[in-house]
Amino acid sequence: MRVLMVEDDPMVAKFNRMYVERVPGFDVAGHAENLTKAKEMLHAEAVDIVLLDVYLNKENGLDLLEELRREQIPVDVIAITSANDTSSLQRAKRLGCTDYLIKPFHFERFREALINVKEWQKASGTKKEWGQEDVDQLFLANKGTQEEHELPKGLTTE
């Protein structure tokens, strides 16, 4: 899967690239420091996933997401950002952001976000019709209640 990184901080872009390269089956298609370059790259080559920063230098990454949806460009978007305000989260969700990671995050959470997109794209490319159980697996995956995961001190699931 080809990943486009939209990130204005070179250090963060370097770490995101290293993370992408650690997950088998994913390659970095490119890196854009601003929305103009991101749009050019998206129109020039096939990309499966966009890793999108919200706070770009004098720009808002969610404006790119809105434009992608308006143009009906079929790409999944994972926000990777320090934007933790309600309006950014709501806007990202309403525009169909696949996942939302708040910096700093752990590699495992990053990997999970990529794998979830890959599984969704694989499943949606093979099915013509969906049952509710199939839909629930996609939309409710990893959404167990906190009570299910909490155990008394000293106990493990095993």
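What comes next concerns the included structure.

Reading the values: rules and limits
Residues numbered from 1 in each chain as written. Predicted model: local features only at pLDDT ≥ 70, side-chain atom pairs only at ≥ 80, totals over all residues. Heavy atoms only, no water. Axes fitted to C-alpha atoms, helices over the stretch in contact; angles between N-to-C directions. Helix = DSSP H or I, 4+ residues; strand = E, 2+ residues; numbered from the N terminus. Parallel < 35°, antiparallel > 145°, perpendicular 65-115°, else oblique. Left-handed = near helix turned anticlockwise from the far one by under 90°. Contact = heavy atoms within 4.5 Å. Nonpolar A, V, L, I, M, F, W, Y, C, P; charged D, E, K, R; others polar. Pairing = 2+ DSSP bridges. Buried < 20%, exposed > 50% of the residue type's maximum accessible area, 1.4 Å probe, protein only. Right-handed = clockwise from strand over helix to strand, strands pointing away. Phe/Tyr/Trp six-rings, centres within 6.5 Å; stacked < 30°, edge-to-face > 60°. Salt bridge = Lys/Arg side-chain N within 4 Å of Asp/Glu carboxyl O.

**Some thoughts on the packing of helix 3 (residues 61-70) against helix 4 (residues 86-94)**
Where helix 3 meets helix 4, the closest approach of the two axes is 10 Å, and the angle between their N-to-C directions is 20°. One way to sum up the angle between helix 3 and helix 4 is to call them roughly parallel. For helix 3 against helix 4, the interelement crossing comes out left-handed. Residue-level contacts link L62, D63, L65 and E66 of helix 3 to S88, R91 and A92 of helix 4. Residue composition of the contact of helix 3 with helix 4, by class: 3 nonpolar, 1 polar and 3 charged.

**Re the sheet that holds strand 6 (residues 76-81)**
The sheet built from 5 strands is open, its strands ordered 2-1-3-6-7 with parallel pairing. If you trace the sheet from one side to the other, it starts and ends with strand 2 (27-32) and strand 7 (99-102), each paired once. The sheet shows a mean angle of 20° between the axes of neighbouring strands, direction not considered. Sheet analysis places strand 1 (residues 2-6) next to strand 3 (residues 49-52), joined by 4 bridges and oriented parallel. Bridged to M5 within strand 3 is L51.

**Structural notes on the pairing of strand 1**
Of all 5 residues in strand 1, 4 are buried, a share of seventy percent or more. Pairing geometry for strand 1 and strand 2, over 5 bridges, is parallel. Within strand 2, the residue paired with M5 across the bridge is H31. Between the parallel elements strand 1 and strand 2, the chain passes through helix 1 (residues 10-22) in a crossover that is right-handed.

**Remarks on the packing of aromatic side chains**
Across all of its chains, the model carries 5 aromatic pairs by this definition. Arranged with centres 5.9 Å apart and planes meeting at 10°, the rings of F105 and F110 form a pair that is stacked. F110 sits in the buried class, given a relative accessible area of 1%. Relative to W130, the ring of W120 has its centre 6.1 Å away and its plane inclined at 35°; by these criteria the two rings are tilted. One end of the pair, W120, is in helix 5 (residues 107-126); the other, W130, is in the loop between helix 5 and helix 6 (132-139), with 10 residues separating them in the sequence.

**Topic: the pattern of salt bridges**
Under the criterion given, the structure shown has 11 salt bridges. Taking the shortest distance from any N to any O, the salt bridge between E7 and K103 comes out at 2.9 Å. Taken as a pair, E7 in the loop between strand 1 and helix 1 and K103 in the loop between strand 7 and helix 5 lie far apart in primary sequence, 96 residues in all. Its relative accessible area of 3% is what places E7 among the buried residues. Residue D63 pairs with R91 through a salt bridge whose shortest N-O separation is 2.7 Å. With a gap of 28 residues between them, D63 in helix 3 and R91 in helix 4 connect regions that are remote in the sequence.

**Brief notes about the pairing of strand 7**
Strand direction decides the pairing type here: strand 6 and strand 7, joined by 4 bridges, are parallel. In the sheet register, T81 faces strand 7, and the bridge partner there is I102. Each parallel crossover has a hand, and for strand 6 linked through helix 4 to strand 7 it is right-handed.

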